[in-house]
Amino acid sequence: MAHKSTAWYQRHANDAHVKKAQREGKRSRAVYKLAEILDQHLPQFAPQSVVVDLGCAPGSWSEEIVSRLNAQGLLVGIDLLPVEHVQGATILQCDFTTSEGQDGLAKALNGRVIDLIVSDMAPEMSGNKLVDQMRMIGLNELTLHFSDQHLRVGGHLLLKTFMGDGFDGFRRSLGERFKRVKSIKPAASRKDSSEFFLLALDKK
Ligand SMILES: C[S@@+](CC[C@H](N)C(=O)[O-])C[C@H]1O[C@@H](n2cnc3c(N)ncnc32)[C@H](O)[C@@H]1O
């Protein structure tokens, strides 16, 4: 991970969502982005869902999803980094972009089709805006390819992206495969961050 500046640490320590996450014992402030999206945009989320969480470390999204699943539900997560055990989840430490990562996910799914894919993956920031943008769109495209293979018809895909080169083409590809695509900037997403989320609903 790229080194963070003193200003970043100061802002992090003063951030209301960081404080809330510490108070509530959450692994990351990122959990509030997912909770807002699920509550406001996916109220039909079913407790028996099969969900895949791409880029799941340190595990706050996985914990949130597991808390919404029942015994028939399944959560499979993947990250390059180790993730402390999440009760009720299957977590792989692997690169999603490799065939090892793809095979590992397919094996963990054990033939079950996915109802919802969520991705909070972002590339390691190089500091070069164009390079970072291209890497982000690359991750988005691989996520869409994964969705083509494993997401059920009628399933949903949520992913993080950045506005910039390659975005329009990617957004069009999503629109071809899903009935509806929403752009969402949750309250917990920092205003000065170029990140936002695309929620693609009802795979065709
Ligand atoms: C913002 S963090 C995710 C936070 C997580 N949603 C949570 O709430 O705990 C993004 C994660 O994406 C992971 N990531 C980036 N590229 C990846 C890849 N190719 N394969 C797997 N994980 C990746 C990073 O290691 C990082 O942990």
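Structure: see above.
These numbers were taken from a predicted model, which means no experiment stands behind them. (Residues numbered from 1 in each chain as written. Predicted model: local features only at pLDDT ≥ 70, side-chain atom pairs only at ≥ 80, totals over all residues.)

Asks: Can you help me understand the nonpolar core in this one?
Replies: With 39 residues, the main nonpolar core has Val51, Val52, Leu54, Trp61, Ile117 and Val118 as its most contacted residues. Mapped onto this core, the elements with two or more residues apiece are α3 (31–41), β1 (50–54), α4 (60–67), β2 (74–79), β4 (114–119), α6 (129–150), β5 (151–162) and β7 (195–203). No other element matches the five residues that β5 contributes to this core. Ignoring sequence-local partners within four residues, the contact set of Ile117 consists of Val52, Leu54, Thr143, Phe146, Ser147, Leu151 and Leu157. (Core = buried A, V, L, I, M, F, W, Y, C linked by C-beta atoms within 7 Å. Buried ≥ 20, exposed ≤ 12 C-beta atoms within 10 Å, placed from the backbone. Helix = DSSP H or I, 4+ residues; strand = E, 2+ residues; numbered from the N terminus. Contact = placed C-beta atoms within 7 Å.)

Asks: What should I look at first to understand the pairing of β2 in this one?
Replies: Residues in a regular strand project their side chains so that they alternate between the two faces of the sheet. Burial within β2 is extensive, with six of its six residues counted as buried. Burial of the side chains of β2 extends over both faces: Leu74, Val76 and Ile78 are buried on one face and Leu75, Gly77 and Asp79 on the other. By the bridge criterion, five bridges tie β1 to β2 in an arrangement that is parallel. Its bridge partner lying in β2, Val52 is registered against Val76. Where the polypeptide runs from β1 across α4 and back to β2, its parallel neighbour, the crossover connection is right-handed. Pairing of β2 with strand β3 (residues 90–93) involves four bridges; the strand directions are parallel. (Pairing = 2+ DSSP bridges. Right-handed = clockwise from strand over helix to strand, strands pointing away.)

Asks: Quick question: what am I supposed to make of the environment of Ala106 here?
Replies: Take Ala106: it is sitting in helix α5 (residues 99–109). Sequence-wise, Ala106 and His150 are 44 residues apart; in three dimensions their C-alpha atoms are separated by 8.3 Å.

Asks: Just to check I follow, could you spell out the site of the ligand for this structure?
Replies: Near the ligand lie 21 residues; those nearest to it are Ala30, Gly55, Ser60, Phe96 and Asp120. Of all the secondary-structure elements, those providing two or more residues to the shell around the ligand are α4 and β2. (Near = placed C-beta within 6 Å.)

Asks: Honestly, the packing of α3 against α4 in this entry has me stumped. Any pointers?
Replies: Axes are the key here: two packed helices are described by the angle between their axes and the distance separating the axes. The geometry of α3 relative to α4 is characterised by a closest axis approach of 8 Å and an angle of 35 degrees between their N-to-C directions. As α3 packs across α4, the resulting crossing turns out to be right-handed. Of the residues in α4, those touching α3 at Val31, Leu34 and Ala35 are Ser60, Trp61 and Glu64. (Axes fitted to C-alpha atoms, helices over the stretch in contact; angles between N-to-C directions. Left-handed = near helix turned anticlockwise from the far one by under 90°.)

Asks: Explain the sheet that holds β4 to me, please; I cannot follow it from the model alone.
Replies: Working definition: the strands of a sheet are paired by backbone hydrogen bonds and lie parallel or antiparallel to each other. Strand order in the open sheet formed by seven strands is β3-β2-β1-β4-β5-β7-β6, and the pairing between neighbours is mixed. Both outer strands of the open sheet, β3 and β6 (178–184), are each paired with one neighbouring strand and no more. The sheet shows a mean angle of 15 degrees between the axes of neighbouring strands, taken without regard to direction. Inspection of the sheet shows β6 paired to β7 by six bridges, in the antiparallel sense. Residue pairing for β7: Arg180 is matched across the bridge by Leu201.

Asks: Could you clarify how one ought to interpret the environment of Ser183 in this entry?
Replies: Here Ser183 shows up in strand β6. On the neighbour-count criterion, Ser183 (11 C-beta atoms within 10 Å) is exposed. For the pair Ser183 and Phe45, spaced 138 residues apart in sequence, the C-alpha to C-alpha distance is 18 Å. Beyond its immediate sequence surroundings of up to four residues, Ser183 is in contact with Phe196 and Leu198.

Asks: Looking at this model, I keep getting lost on α6. Mind explaining?
Replies: Counting along an α-helix, one turn takes 3.6 residues, and residues three or four places apart therefore face a common direction. Taking 1.5 Å of rise per residue, the 22 residues of α6 would be expected to cover 32 Å, and the 31 Å separating its terminal C-alpha atoms lies within 8% of that figure. Listed in full, the buried residues belonging to α6 are Met136, Leu139, Asn140, Thr143, Leu144, Phe146 and Ser147. With its buried residues spanning 160 degrees around the axis, α6 presents them on a single face. Away from the buried face of α6 by more than 90 degrees, exposed residues Leu130, Val131, His145, Asp148 and Gln149 are located. Tucked inside the fold, the buried residues of α6 contact β1, β4, β5 and α7 (167–177). (Expected span 1.5 Å × (residues − 1). Arc of directions from axis to C-beta.)

Asks: Would you mind going over unusual backbone geometry with me for this structure?
Replies: For residues other than glycine, phi is negative in most cases, and the peptide bonds are mostly trans. Between Ala57 and the following residue, Pro58, the backbone shows a cis peptide bond with an omega angle of 5 degrees. Looking at the element boundaries, Pro58 is found in the loop between β1 and α4. Unlike most non-glycine residues, Asn110 shows phi in positive territory, near 50 degrees. By the secondary structure assignment, Asn110 is in the loop between α5 and β4.

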